[in-house]
Amino acid sequence: THRIAAALMDTGIDYQALNKALFRTKSLRRLQIEARLTQTIEFHEDGAIAIASIPLSLMDRLGATEADVEEISNFPGQIAGVLAAITIREQKDGTSKISARTDPSHINASHVCALLGGGGHAAASGCTVNGSIEAAKRAILGAIAQVRRR
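Not measured: the values here are computed from a predicted model.

### Quick word on the overall build of the chain
So, step 1. For the chain, the count of helices and strands is six helices and six strands.
So, step 2. In the chain, the succession of helices and strands from N to C terminus is α-α-α-β-β-α-β-β-α-β-β-α.
So, step 3. Each of the three principal axes of the chain carries a C-alpha extent, and together these read 50 × 40 × 30 Å.
So, step 4. Here the chain holds 150 residues, and 36% of them are scored as buried.
So, step 5. Of all intrachain contacts in the chain linking residues separated by at least 6 positions in sequence, the fraction that spans at least 24 positions is 57%.

What follows is the structure in C-alpha coordinates.
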(Lines give C-alpha, C1' and ligand atoms only; values in the text may rest on other atoms or scores of the structure.)
Protein backbone atom coordinates (compact mmCIF):
# COMPACT_ATOMS: atom_id res chain seq x y z
CA THR A 1 0.00 0.00 0.00
CA HIS A 2 2.82 2.37 0.87
CA ARG A 3 4.59 1.65 -2.43
CA ILE A 4 1.40 2.34 -4.37
CA ALA A 5 0.87 5.58 -2.46
CA ALA A 6 4.47 6.61 -3.14
CA ALA A 7 4.05 5.87 -6.85
CA LEU A 8 0.91 8.02 -6.94
CA MET A 9 2.74 10.84 -5.18
CA ASP A 10 5.50 10.60 -7.80
CA THR A 11 2.93 11.37 -10.54
CA GLY A 12 2.75 14.96 -9.34
CA ILE A 13 -0.80 14.90 -7.96
CA ASP A 14 -1.56 17.45 -5.27
CA TYR A 15 -1.54 14.87 -2.50
CA GLN A 16 -1.49 17.48 0.26
CA ALA A 17 -4.80 18.94 -0.91
CA LEU A 18 -6.22 15.44 -1.33
CA ASN A 19 -5.10 14.48 2.19
CA LYS A 20 -6.71 17.61 3.64
CA ALA A 21 -9.97 17.08 1.75
CA LEU A 22 -10.26 13.42 2.76
CA PHE A 23 -8.83 13.31 6.28
CA ARG A 24 -8.51 16.77 7.80
CA THR A 25 -11.66 18.61 6.78
CA LYS A 26 -15.06 18.33 8.43
CA SER A 27 -18.25 20.31 7.98
CA LEU A 28 -19.20 22.73 10.74
CA ARG A 29 -22.30 20.59 11.33
CA ARG A 30 -20.08 17.54 11.85
CA LEU A 31 -18.00 19.40 14.42
CA GLN A 32 -21.17 20.57 16.16
CA ILE A 33 -22.40 16.97 16.31
CA GLU A 34 -19.05 15.80 17.69
CA ALA A 35 -19.15 18.58 20.32
CA ARG A 36 -22.61 17.45 21.42
CA LEU A 37 -21.49 13.82 21.53
CA THR A 38 -18.46 14.76 23.62
CA GLN A 39 -20.79 16.38 26.15
CA THR A 40 -23.33 13.54 26.28
CA ILE A 41 -21.36 10.33 25.71
CA GLU A 42 -22.18 7.64 28.24
CA PHE A 43 -19.60 5.31 29.70
CA HIS A 44 -20.23 1.84 31.08
CA GLU A 45 -18.04 -0.82 32.67
CA ASP A 46 -15.44 1.63 33.96
CA GLY A 47 -15.06 3.34 30.59
CA ALA A 48 -14.65 0.18 28.52
CA ILE A 49 -17.93 0.85 26.69
CA ALA A 50 -18.77 4.28 25.27
CA ILE A 51 -22.22 5.02 23.86
CA ALA A 52 -22.82 8.07 21.69
CA SER A 53 -26.43 8.84 20.78
CA ILE A 54 -27.61 10.98 17.90
CA PRO A 55 -31.31 11.88 18.23
CA LEU A 56 -33.29 13.15 15.26
CA SER A 57 -33.85 16.39 17.16
CA LEU A 58 -30.11 17.12 17.02
CA MET A 59 -29.93 16.39 13.30
CA ASP A 60 -32.97 18.61 12.70
CA ARG A 61 -31.70 21.45 14.93
CA LEU A 62 -28.35 21.54 13.11
CA GLY A 63 -29.79 20.91 9.66
CA ALA A 64 -27.43 17.93 9.46
CA THR A 65 -27.52 15.37 6.67
CA GLU A 66 -26.35 11.79 6.35
CA ALA A 67 -23.06 13.15 4.95
CA ASP A 68 -22.48 14.98 8.24
CA VAL A 69 -22.61 11.73 10.24
CA GLU A 70 -20.76 9.50 7.79
CA GLU A 71 -18.19 7.40 9.65
CA ILE A 72 -19.20 8.98 12.98
CA SER A 73 -19.28 5.49 14.48
CA ASN A 74 -15.49 5.71 14.84
CA PHE A 75 -15.74 8.83 17.03
CA PRO A 76 -16.30 7.31 20.51
CA GLY A 77 -13.56 4.73 19.87
CA GLN A 78 -10.97 7.49 19.83
CA ILE A 79 -11.26 7.78 23.60
CA ALA A 80 -8.44 6.06 25.50
CA GLY A 81 -9.55 2.89 27.26
CA VAL A 82 -12.68 2.32 25.18
CA LEU A 83 -12.98 -1.31 24.04
CA ALA A 84 -16.49 -1.00 22.57
CA ALA A 85 -17.58 2.20 20.85
CA ILE A 86 -21.31 2.23 20.22
CA THR A 87 -23.12 4.86 18.18
CA ILE A 88 -26.91 4.92 18.14
CA ARG A 89 -28.75 7.01 15.58
CA GLU A 90 -32.48 7.56 15.91
CA GLN A 91 -34.32 6.93 12.62
CA LYS A 92 -37.50 8.54 11.30
CA ASP A 93 -39.28 5.18 11.11
CA GLY A 94 -39.11 4.61 14.88
CA THR A 95 -36.05 2.39 14.80
CA SER A 96 -32.54 3.01 16.07
CA LYS A 97 -29.47 2.20 14.03
CA ILE A 98 -26.57 0.84 16.06
CA SER A 99 -22.95 0.83 14.93
CA ALA A 100 -20.42 -1.05 17.03
CA ARG A 101 -16.65 -0.63 16.77
CA THR A 102 -14.70 -2.85 19.10
CA ASP A 103 -11.34 -4.22 20.04
CA PRO A 104 -12.09 -7.77 18.89
CA SER A 105 -9.60 -9.29 21.33
CA HIS A 106 -12.03 -8.20 24.07
CA ILE A 107 -15.48 -7.94 22.42
CA ASN A 108 -16.47 -9.34 19.03
CA ALA A 109 -18.75 -6.74 17.39
CA SER A 110 -20.14 -9.27 14.93
CA HIS A 111 -21.28 -11.61 17.70
CA VAL A 112 -22.86 -8.69 19.57
CA CYS A 113 -24.79 -7.35 16.58
CA ALA A 114 -25.79 -10.83 15.41
CA LEU A 115 -27.77 -11.19 18.65
CA LEU A 116 -29.80 -8.18 17.50
CA GLY A 117 -30.28 -9.32 13.92
CA GLY A 118 -27.30 -7.51 12.40
CA GLY A 119 -23.85 -8.39 11.29
CA GLY A 120 -20.48 -7.30 10.08
CA HIS A 121 -17.08 -8.41 11.23
CA ALA A 122 -15.24 -8.78 14.52
CA ALA A 123 -14.17 -5.13 14.80
CA ALA A 124 -17.04 -3.32 13.07
CA SER A 125 -20.68 -4.36 12.90
CA GLY A 126 -24.14 -2.91 12.98
CA CYS A 127 -27.81 -3.60 13.45
CA THR A 128 -31.15 -1.87 13.61
CA VAL A 129 -33.54 -2.31 16.51
CA ASN A 130 -37.14 -1.25 16.90
CA GLY A 131 -37.63 1.48 19.41
CA SER A 132 -36.06 4.52 20.97
CA ILE A 133 -32.43 5.31 21.64
CA GLU A 134 -32.98 4.23 25.26
CA ALA A 135 -34.35 0.87 24.12
CA ALA A 136 -31.39 0.47 21.78
CA LYS A 137 -28.96 1.19 24.64
CA ARG A 138 -30.55 -1.51 26.77
CA ALA A 139 -30.47 -3.96 23.86
CA ILE A 140 -26.83 -3.37 22.92
CA LEU A 141 -25.61 -3.44 26.52
CA GLY A 142 -27.49 -6.71 27.03
CA ALA A 143 -25.97 -8.19 23.87
CA ILE A 144 -22.47 -7.12 24.92
CA ALA A 145 -22.98 -8.73 28.33
CA GLN A 146 -24.16 -11.94 26.68
CA VAL A 147 -21.12 -12.10 24.39
CA ARG A 148 -18.70 -11.34 27.22
CA ARG A 149 -20.17 -14.20 29.31
CA ARG A 150 -19.39 -16.73 26.59
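### Regarding the environment of Ala84
So, step 1. Its location among the elements puts Ala84 in strand β3 (residues 84-90).
So, step 2. In sequence terms Ala84 and Gly47 are 37 residues apart; their C-alpha atoms lie 9.2 Å from each other.

### Comments concerning the environment of Leu141
So, step 1. Structurally, Leu141 is set in helix α6 (residues 133-149).
So, step 2. With relative accessibility at 23%, the residue Leu141 sits in the partly exposed group.
So, step 3. As for Leu141 and Pro104, which are separated by 37 residues in sequence, their C-alpha atoms are 16 Å apart.
So, step 4. Residues within four places of Leu141 in sequence aside, it is in contact with His44, Ile49 and Ile51.

### A short note on the sheet that holds strand β1 (residues 42-44)
So, step 1. If you trace the six strands from one edge of the open sheet to the other, you get β1-β2-β3-β4-β6-β5, paired in mixed fashion. Each edge of the open sheet is held by one strand with a lone partner, namely β1 and β5 (119-120).
So, step 2. Each of β1 and β2 (49-54) is contacted by helix α3 (residues 28-40), which is oriented at about 130° to β2, the strand it contacts most.
So, step 3. Sitting on the sheet, α6 touches β1, β2, β3, β4 (95-102) and β6 (124-130), and the angle it makes with β2 is about 155°.

### As for the state of the cysteines
So, step 1. Following the criterion strictly, the structure yields zero disulfides and no others.
So, step 2. No disulfide involves Cys113; its nearest neighbouring cysteine sulfur is the one of Cys127, lying 4.1 Å away.
So, step 3. The buried category is assigned to Cys113, whose relative accessible area is 0%.
So, step 4. Take Cys127: its relative accessible area is 5%, and that puts it in the buried class.

### Brief notes about the nonpolar core
So, step 1. Residues Ile86, Ile88, Ile98, Val112, Ile140 and Ile144 are the most contacted members of the largest nonpolar core, which totals 19 residues.
So, step 2. Counting only elements with at least two residues in this core, the list comes to β2, β3, β4, α5 (109-114), β6 and α6.
So, step 3. Non-local contacts of Ile86, meaning those with residues more than four positions away in its chain, are made with Ile49, Ala50, Ile51, Ala52, Pro76, Ile98, Ser99, Ala100, Ile140 and Ile144.
So, step 4. Listed in part, the 15 residues of the second largest apolar core include Leu37, Leu58, Ile72 and Ala85.

What counts as what
Residues numbered from 1 in each chain as written. Predicted model: local features only at pLDDT ≥ 70, side-chain atom pairs only at ≥ 80, totals over all residues. Heavy atoms only, no water. Helix = DSSP H or I, 4+ residues; strand = E, 2+ residues; numbered from the N terminus. Buried < 20%, exposed > 50% of the residue type's maximum accessible area, 1.4 Å probe, protein only. Contact = heavy atoms within 4.5 Å. Pairing = 2+ DSSP bridges. Axes fitted to C-alpha atoms, helices over the stretch in contact; angles between N-to-C directions. Disulfide = S-S within 2.5 Å. Core = buried A, V, L, I, M, F, W, Y, C linked by side-chain atoms within 4.5 Å.

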